[in-house]
Amino acid sequence: MARYVFGVDVGGTTAKIGLLTEAGEKVEFWEIPTRTENNGEFILSDVAEAIRAKMKERNIDDSDVVGAGIGVPGAVNVDGLCYQAVNLGWEKINVVNELHSKLKLPVKAGNDANVAALGEAWKGGGQGYQNMLLVTLGTGVGGGIINEGKILAGSKGSGGEIGHINLEENEPDACGCGNHGCFEQYASATGAVRLANRILAASSEDSVLRQKEKFECKDIFDAAKAGDKVAKEIAERYGYYLGKGIAVTASVVNPEIIVLGGGVSKAGEMLFDLLMPSFNKFVFPGCKDVKFALAKLGNDAGVYGAAKMLLY
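So, here is what we can say about the structure in this document. (Residues numbered from 1 in each chain as written. Predicted model: local features only at pLDDT ≥ 70, side-chain atom pairs only at ≥ 80, totals over all residues. Heavy atoms only, no water.)

## As for the overall build of the protein
This is how it is decided: Only DSSP runs of H or I reaching four residues or more are called helices, and only runs of E reaching two or more are called strands; each is numbered from the N terminus. Radius of gyration means the value over C-alpha atoms here, while the globule rule gives 2.2 Å times the residue count to the 0.38 power. Residue burial is assigned from relative accessible area. The probe radius is 1.4 Å, only protein chains are included, and a residue is buried under 20% of its type maximum, exposed over 50%, and partly exposed in between. Whether two residues are in contact is decided by their heavy atoms: any pair within 4.5 Å suffices. Areas reported as accessible are Shrake-Rupley estimates using a 1.4 Å probe. Residue values count occlusion only from the protein chains shown. Neither His nor the chain termini are counted; the positive set is Lys and Arg, and the negative set is Asp and Glu. Charged side chains are reduced to one point each, which is NZ for Lys, CZ for Arg, CG for Asp and CD for Glu.
In terms of helices and strands, the protein carries 10 helices and 12 strands. Here the C-alpha atoms of the protein give a radius of gyration of 21 Å, agreeing with the 20 Å that 2.2 N^0.38 yields for 312 residues. Oriented by its inertia axes, the alpha-carbon framework of the protein measures out at about 65 × 45 × 35 Å. Here the protein, with 312 residues, has 54% of them falling under the buried criterion. If you take every contact in the protein between residues at least 6 apart in sequence, the share linking residues at least 24 apart comes to 61%. Split by element, the accessible area of the protein, about 14,300 Å² in all, is 47% carbon and sulfur. Of note, the protein has its 32 positive side-chain charges centred 2 Å away from the centre of its 39 negative side-chain charges.

What follows is the structure, encoded as structure tokens:
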């Protein structure tokens, strides 16, 4: 009989739960609301109840389950201690101990971005590689490092926070973290719009972007693909920062493959063309021979990665 493993990806609005086989075959994925009231005291109880209900529904015995892995939006150390998860209302909670006490099954926990990276390494864009860097390009820039098939979490679970590598010492605007010149200030979706507004303000050259009252990152890349000269300049500048930030990270962790995910990655292969000139310029020569790929699992990456933690 096949053995099962549960993966849980907790977000601020919903928690996605997956039932998978040990081989990583999807049996069923579903969602439950994330109840953040009372400092999130109900979240782990709700997750445990949902898993138990699914086991009863499918007549799955405890002996058939390897355990449950869970990814949460906060720094989590190797012992399962989450120092803070603002979106959930948590302050210093041991996620492993708490969920295990409610679920009575083996539990492992990790930061959601790191867990998503593990999912992509297991069943997504990095499948088949033991050393992978995931770069997520969305509202911010996130990262996850997989070293020899396992998450590189760091001493307090903050490993992989590549969005806060400093790329510009004299940046006047502050990043959300309080520093100035962070990677995500240039290479996130919001960073791309910021770069665009600066470049548009510095010239009067015609561009379709000027015709829009408000434009998004996607509009910049669409215009660049269509041949808009200013949009191409913006896209190239974006690629400069993206390539530089990835080069700095790759020079430290020396991955076999770098996977790009997040909303901006929908721009596709164009991103690789944009980033490679600066990547090759700044990367340590011994780390230059690396493959690039796009993420494949989308919002399911965290569920797969959470489950995979139980199978180390």
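## Re the pairing of strand S2 (residues 14-21)
Test applied: Whether two strands pair depends on DSSP finding at least two bridges between them.
Here S2 lies mainly inside the structure; 7 of its 8 residues are buried. Judged from the 7 bridges that link them, strand S1 (residues 4-10) and S2 form a sheet pairing that is antiparallel. Note that in S2 the partner of Val8 across the bridge is Ile17. Counting the residues that bridge the hairpin from S1 to S2 gives 3 residues. Bridging between S2 and strand S3 (residues 26-33) involves 7 bridges; their strand directions are antiparallel. Among the inter-strand pairings, Lys16 is bridged to a residue of S3, identified as Glu31.

## What about the sheet that holds S3?
The criterion, for reference: Angles run from 0 to 180 degrees between N-to-C directions of axes, and those axes are lines fitted to C-alpha atoms, restricted for helices to the stretch in contact.
Taken in spatial order, the 5 strands of this open sheet run S3-S2-S1-S4-S7, and their pairing is mixed. Taken across any chain shown, the strands that pair with only one partner, and hence form the sheet edges, are S3 and strand S7 (107-111). In this sheet, neighbouring strand axes are inclined to one another by 15 degrees on average, regardless of whether the strands run parallel or antiparallel. Across 5 bridges, S1 lies against strand S4 (residues 65-72) in parallel orientation. Bridge assignment links Tyr4 to a residue of S4, and that residue is Val65. Contacts from helix H3 (residues 95-103) reach S4 and S7, with the element oriented near 145 degrees to S7.

## A closer look at the packing of helix H7 (residues 217-225) against helix H9 (residues 270-282)
Operational definition: Angle categories: roughly parallel below 35 degrees, roughly antiparallel above 145, roughly perpendicular from 65 to 115, and oblique for all the rest. Residues are grouped as follows: Ala, Val, Leu, Ile, Met, Phe, Trp, Tyr, Cys and Pro are nonpolar; Asp, Glu, Lys and Arg are charged; every other residue, Gly included, is polar.
At a minimum axis separation of 12 Å, H7 and H9 run at an interaxial angle of 90 degrees. One finds that H7 runs roughly perpendicular with respect to H9. The residues of H9 that touch H7, namely those facing Phe221, Ala224 and Lys225, are Met270, Leu271 and Leu274. Here the residues of the contact of H7 with H9 sort into 5 nonpolar, no polar and 1 charged.

## Digging into the nonpolar core
Quick note on the threshold: Note on terminology: a nonpolar core comprises buried Ala, Val, Leu, Ile, Met, Phe, Trp, Tyr and Cys residues joined through side-chain atoms within 4.5 Å.
One finds Phe221, Tyr238, Ile246, Ile258 and Phe279 to be the most contacted residues of the largest nonpolar core, which totals 47 residues. Secondary structure elements with two or more residues in this core: strand S8 (132-137), strand S9 (141-147), helix H5 (184-187), helix H6 (189-201), H7, helix H8 (229-253), strand S11 (257-261) and H9. Sort the elements by how many residues they give to this core and H8 lands first, with 10 residues. Of all hydrophobic cores here, the second largest spans 34 residues; its members include Ala15, Ala50, Ile51 and Ile93.

## Examining the sheet that holds strand S10 (residues 150-151)
What the 5 strands build is an open sheet, ordered S10-S9-S8-S11-S12; its pairing is mixed. Looking at the sheet topology across the chains shown, the edges are occupied by S10 and strand S12 (291-294). Pairing geometry for S8 and S11, over 5 bridges, is parallel. Residue pairing across strands places Thr136 opposite Gly261, the latter belonging to S11. Across the face of the sheet, helix H4 (residues 112-123) comes into contact with S8, S9, S10 and S11 while running at roughly 55 degrees to S9. Running at roughly 150 degrees to S12, H9 makes contact with S8, S11 and S12 of the sheet.

## Considerations on the packing of aromatic side chains
Any aromatic ring pair is given by two values, namely how distant the centres are and how the planes are angled relative to each other. Quick note on the threshold: Ring geometry is summarised as follows: Phe, Tyr and Trp rings, the Trp one being its six-membered ring, pair when their centres sit within 6.5 Å, and such pairs are stacked at plane angles under 30 degrees, edge-to-face over 60 and tilted between the two. Look at NZ for Lys and CZ for Arg. If either is within 6 Å of the ring centre and within 35 degrees of the ring normal, a charge sits over the ring.
Per the stated rule, a full pass over the model turns up 8 aromatic pairs. Each ring, one from Phe221 and one from Tyr238, has its centre 5.4 Å from the other, and the planes form 85 degrees; the classification is edge-to-face. Placement of Phe221 in helix H7 and of Tyr238 in helix H8 is noted, with a sequence separation of 17 residues between them. Judged by its relative accessible area of 4%, Phe221 falls in the buried class. Classification of Tyr238 as buried rests on a relative accessible area of 1%. When the ring of Tyr240 is compared with that of Phe282, the centres are 5.9 Å apart and the planes differ by 75 degrees; the resulting orientation is edge-to-face. Residue Tyr240 is located in helix H8, and its partner Phe282 is located in helix H9; the two are separated by 42 residues in the primary sequence. By relative accessible area, Tyr240 is classed as partly exposed at 22%. According to the relative accessible area criterion, Phe282 is partly exposed, its value standing at 30%. Each member of the aromatic cluster is reached from another via a ring pair, and the members are Tyr186, Tyr240, Tyr241 and Phe282. Its end group placed over the ring of Phe42, Arg35 keeps NZ or CZ at 4.3 Å from the ring centre.

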